[in-house]
Amino acid sequence: MRARRFSAATGSALLLALAAAPQPALAQQAATPLPNNQQTCLPAPQGMATGVPWAQQQLAPQRVWPLTKGAGVIVGVVDTGVDASTPQLAGKVQRGVDVTTPDRGPADSDCYGHGTFLAGIIAASSAPGTGFAGVAPDATIMPIRCATSAAGSTPGALTPEGMARGIRQAVDSGAQVVNVSASTTVPNAELAAAVQYAADHDVVVVASAANSAQQGDPVTYPASYPTVIAVGAVDAYGQRADFSQTGPFLALMAPGVDVVSVGPGGPGHWQGSGTSYAAPFVTGAAALVRSYRPSLTAAQVKHRLEATANHPAAALPDPRLGWGTVNLMAAVTAVLPEESASGPAKVVAPPPAKLPRAETRDELGPVLAAVGVVLAGIFAFGLVRITHLSRAGRRRGWRRARVVEVVSSPVDRQP
């Protein structure tokens, strides 16, 4: 969604996708936008995405699920909380922590709906009657509430300090991947320290790049910190969304235009646009990788996602598209030589193929065989003949055989 600017207590401008809530995807009519200055709780969704949404069709997470669904990975959603009663998220949302209150109560409810929408893209289960499901449906969601309102200068409004507390709390709560779908244009020491805290604890941080491309592309935080995976948005045609932030810090792209997910308060789905909703697709991909390749460090996960993306035809990383659009199958299955076989099992190379033994044609053999047959025949004939003559000679006592001489009688002469 398009972000709006909010004034924090420090006077810094905050770019937050909470400013525009998801739009309801109604069964019989087009999605209807909600007011940008939403002040009341988001109602239960009234429509149901019965088919497979375009984002799930293109990323095809089901192709990876025979290998991994993200089991064993805890994903921190640093946002407005996550409604644990949403049917497609039931049983996978922990109590979480609300860092907006002194008593740090649970964060498994969500008035505004933004955090629930993000959690659905990450880990929603498949359900009858819909083709929508999250990228890593066996992952566990750790909700961390760091904001309760999108209105600036009001209690519960998001601040850089609030994001920083949320990231630290997610790390301390055991998250291995953290999603932050919010940003600020002002560098903040506390936020930078929180991102470094996550890196020091081997936690992957994924952040939306922001929606201010048409407002001059200011540098945004925490997306631009080096260890963070900054995510921009593409549409169903693979084109960069016109609102999607650009810059040298951009890492990856993911679906972020008219994407579908769940909301608080009941079954059904909402539809929304923004880099806020592109980030959780990459967060889900990171959860799949961490589940299937648990030996990889957070830095290696970031590198793997970038190296296996669908690269654009440009020098990488491209300031408009980063390393390209995330590729779930390649991110999980690709063999990267630089990882030194750090996958779940050592890849054993097949034995080298042996050259077939060339058969030499014997041209002399057939000739010798034929000659041998002829000679054998001659020898046999000679042997038979000699045997016959020898028997005849023994019968005559080896005397010369009779010779019959025929002499004609003399012709009588007349006197």
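Throughout what follows, the structure given in this document is the object of discussion. (Residues numbered from 1 in each chain as written. Predicted model: local features only at pLDDT ≥ 70, side-chain atom pairs only at ≥ 80, totals over all residues. Heavy atoms only, no water.)

### A word on the overall build of the protein chain
Item 1. Scanning the protein chain from terminus to terminus reveals eight helices and 13 strands.
Item 2. Classification of the 415 residues of the protein chain by burial places 51% in the buried group.
Item 3. Intrachain contacts of the protein chain at a sequence separation of at least 6 include 72% that bridge at least 24 residues.
Item 4. Accessible surface for the protein chain amounts to roughly 20100 Å². Of this, 57% is attributable to carbon and sulfur atoms. (Helix = DSSP H or I, 4+ residues; strand = E, 2+ residues; numbered from the N terminus. Buried < 20%, exposed > 50% of the residue type's maximum accessible area, 1.4 Å probe, protein only. Contact = heavy atoms within 4.5 Å. Areas by Shrake-Rupley, 256 points an atom, 1.4 Å probe, with all protein chains shown as cover.)

### Focus: the sheet that holds strand β11 (residues 252-255)
Item 1. The seven strands lie next to each other as β5-β6-β4-β7-β9-β10-β11, forming an open sheet whose pairing is parallel. Both outer strands of the open sheet, β5 (97-98) and β11, are each paired with one neighbouring strand and no more.
Item 2. Bridge analysis of strand β10 (residues 229-234) against β11 gives four bridges, and the strand direction is parallel. Looking across to β11, one finds that V231 is bridged to L252.
Item 3. Along the sheet face, helix α3 (residues 160-172) touches β4 (74-79), β5, β6 (140-145) and β7 (177-180) and points at about 165 degrees away from the line of β4. (Pairing = 2+ DSSP bridges. Axes fitted to C-alpha atoms, helices over the stretch in contact; angles between N-to-C directions.)

### Overview of the packing of aromatic side chains
The geometry of an aromatic ring pair is captured by the separation of the ring centres together with the interplanar angle, meaning the angle of the planes.
Item 1. Tallied over the entire structure, the rule returns two aromatic pairs.
Item 2. Aromatic pair F117 and Y277: ring centres 4.4 Å apart, planes at 50 degrees, arrangement tilted. Note that F117 is positioned in helix α2 (residues 114-123) and Y277 in helix α5 (residues 275-292), a separation of 160 residues in sequence.
Item 3. Judged by relative accessible area, F117 falls into the buried class, the value being 0%.
Item 4. With centroids separated by 5.2 Å and ring planes inclined at 45 degrees, the aromatic side chains of Y221 and Y225 adopt a geometry described as tilted.
Item 5. One Lys or Arg, R168, reaches over the ring of Y197 and ends 4.6 Å from the middle of that ring. (Phe/Tyr/Trp six-rings, centres within 6.5 Å; stacked < 30°, edge-to-face > 60°. Lys NZ or Arg CZ within 6 Å of the ring centre and 35° of its normal.)

### What to know about the pairing of β10
One face of the sheet, then the other: side chains in a regular strand alternate in exactly this way.
Item 1. For β10, a buried count of six out of six residues is recorded, marking the element as mostly surrounded by other parts of the structure.
Item 2. Side chains of β10 alternate between two faces, with I229, V231 and A233 and A230, G232 and V234 buried alike.
Item 3. By the bridge criterion, three bridges tie strand β9 (residues 204-208) to β10 in an arrangement that is parallel. Paired with S208 across the two strands is V231, which belongs to β10.

### Comments concerning unusual backbone geometry
Item 1. Geometrically, the link from Y221 to P222 is a cis peptide bond, its omega value of 10 degrees lying close to zero.
Item 2. With respect to the element layout, P222 can be found in the loop between β9 and β10.
Item 3. Located in the positive-phi region is A60, a residue other than glycine, with phi close to 50 degrees.
Item 4. Tracing the chain through its elements places A60 in the loop between α1 (54-59) and β4.

### Some details on α5
Item 1. Taking 1.5 Å per residue, 18 residues should reach 26 Å; α5 reaches 26 Å between its end C-alpha atoms and fits that length.
Item 2. By the criterion of burial, α5 is predominantly enclosed, with 16 of the 18 residues buried. (Expected span 1.5 Å × (residues − 1).)

### Focus on the pairing of β4
Item 1. Across the six residues of β4, six count as buried, placing the element largely inside the fold.
Item 2. Along β4, one buried face is formed by I74, G76 and V78 and the opposite face, lined by V75, V77 and D79, is buried too.
Item 3. As defined by bridge partners, β4 adjoins β6 across six bridges and the pair is classed as parallel. Paired with G76 across the strands is M142, a residue of β6.

### With respect to the state of the cysteines
Item 1. Evaluation of the coordinates by the stated rule reveals one disulfide.
Item 2. There is a disulfide in this structure between C41 and C111, and the S-S distance comes to 2.0 Å. The S-S bond linking C41 to C111 shows a torsion near -110 degrees; that makes this disulfide left-handed. With C41 in the loop between β3 (23-24) and α1 and C111 in the loop between β5 and α2, this residue pair connects regions lying 70 residues apart in the sequence. (Disulfide = S-S within 2.5 Å.)

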